[in-house]
Amino acid sequence: MQIQEIPIQQVLVIRQEVMWPDKDLDFVKIPDDESAIHLGVLVEGEIKSVISLFKEQQSIQFRKFATLVSEQGKGYGSILLKYVFEQFSQSDIHQIWCHARVPKAQFYEKFGMKKVGETFLKNGIEYVKMEKRIS
């Protein structure tokens, strides 16, 4: 198993398959994808989980964090998220945050992330901002 940067085209395929299988590939693209850092967990050369990181000043937002449905529950997402926190713990980054789907908030809480503010709806799904201070 290894964690490495993944080309955006491969990330988009996984995003679509996991998060929005009923939408086309363009639907899962987000602004600034081309300048983001896209990481993936690979097992025997196959991508199992992906995360996209967007740096802004001294914070990083992760978006479109997805693990293949057939690979969920095997710890790949946890390994990837731990890696992100470790990589930026010794940097100028002070906060890592995301907009989590409300049913997934408990997963992020296991990593020390806290809910911030009220929930909101986007594309018919309820989200909450979650963040973790790292320095």
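Reading the values: rules and limits
Residues numbered from 1 in each chain as written. Predicted model: local features only at pLDDT ≥ 70, side-chain atom pairs only at ≥ 80, totals over all residues. Heavy atoms only, no water. Phe/Tyr/Trp six-rings, centres within 6.5 Å; stacked < 30°, edge-to-face > 60°. Buried < 20%, exposed > 50% of the residue type's maximum accessible area, 1.4 Å probe, protein only. Lys NZ or Arg CZ within 6 Å of the ring centre and 35° of its normal. 1 Å grid on protein atoms, 1.4 Å probe; cavity = no way out; pocket = protein on both sides within 12 Å on 5 of 7 lines; lining within 4 Å. Points joined across faces, edges and corners; volume = space filled by probe spheres on them. Helix = DSSP H or I, 4+ residues; strand = E, 2+ residues; numbered from the N terminus. Nonpolar A, V, L, I, M, F, W, Y, C, P; charged D, E, K, R; others polar. Expected span 1.5 Å × (residues − 1). Contact = heavy atoms within 4.5 Å. Core = buried A, V, L, I, M, F, W, Y, C linked by side-chain atoms within 4.5 Å. Salt bridge = Lys/Arg side-chain N within 4 Å of Asp/Glu carboxyl O.

Draft legend 1. Quick look at the packing of aromatic side chains. Within this structure, the stated rule accounts for eight aromatic pairs. With a centroid separation of 5.1 Å and an interplanar angle of 70°, the aromatic rings of tryptophan 20 and phenylalanine 27 are classed as edge-to-face. What makes tryptophan 20 buried here is its relative accessible area of 9%. An angle of 85° between the planes, with centres 5.9 Å apart, marks the rings of phenylalanine 62 and phenylalanine 65 as edge-to-face. Judged on exposure class, the residue phenylalanine 62 and its partner phenylalanine 65 are both buried. Pairwise contacts between aromatic rings join Phe62, Phe65, Phe107, Tyr108 and Phe111 into one cluster. The side chain of arginine 63 reaches across the aromatic face of phenylalanine 54, ending 5.8 Å from its centre. Arginine 101 extends its terminal NZ or CZ atom over the ring of tryptophan 20, reaching a point 5.3 Å from the ring centre.

Draft legend 2. Quick peek at the layout of surface pockets. Approximately 830 Å³ is the volume found for the largest pocket. Taken together, 34 residues make up the lining of the largest pocket; nearest its centre are Met19, Phe65, Ala66, Arg101 and Tyr108. When contributions to the lining of the largest pocket are tallied by element, the ones reaching two or more residues are helix 1 (8-19), strand 4 (59-67), helix 2 (76-88), strand 5 (95-101), helix 3 (105-109) and strand 6 (114-122). For the lining of the largest pocket, the leading source of residues is strand 4, giving seven residues. There is about 160 Å³ of room inside the second largest pocket. Lining the second largest pocket we find 13 residues, and of these Asp32, Phe54, Lys55, Glu56 and Gln61 sit closest to its centre. Here the residues of the lining of the second largest pocket are counted per class, giving six nonpolar, three polar and four charged.

Draft legend 3. Molecular detail of helix 1. Its 12 residues give helix 1 an end-to-end C-alpha distance of 16 Å, which sits within 8% of 16 Å, the value for a rise of 1.5 Å per residue. Among all positions of helix 1, only Ile8, Val11, Leu12, Ile14, Arg15, Val18 and Met19 are buried. On the buried face of helix 1, the contacting elements are strand 2 (37-43), strand 3 (46-56), strand 4 and strand 5.

Draft legend 4. Fine view of the nonpolar core. By size, the foremost hydrophobic cluster in this structure holds 25 residues, and its most contacted members are Ile51, Phe62, Ile96 and Tyr108. Elements supplying a minimum of two residues to this core: strand 2, strand 3, strand 4, helix 2, strand 5, helix 3 and strand 7 (125-133). Sorting elements by how many residues they give to this core places helix 2 first, with six residues. With sequence-adjacent residues up to four places away left out, phenylalanine 62 is seen in contact with Ile51, Ser52, Leu53, Leu81, Ile96, Trp97, Cys98, Tyr108 and Met113.

Draft legend 5. Representation of the pattern of salt bridges within the structure. By the definition in use, this model includes eight salt bridges. Notably, a salt bridge pairs lysine 48 with glutamate 71, separated by 3.4 Å at the nearest N-O pair. Residue lysine 48 is located in strand 3, and its partner glutamate 71 is located in the loop between strand 4 and helix 2; the two are separated by 23 residues in the primary sequence. By relative accessible area, lysine 48 is classed as buried at 10%. Under the relative-accessibility criterion, glutamate 71 is labelled buried at 10%. With a shortest N-O distance of 4.0 Å, glutamate 109 and lysine 115 are connected by a salt bridge. We classify glutamate 109 as partly exposed; its relative accessible area is 37%. In this structure, a network of salt bridges that share partners links the residues Glu46, Lys48, Glu71 and Lys74.

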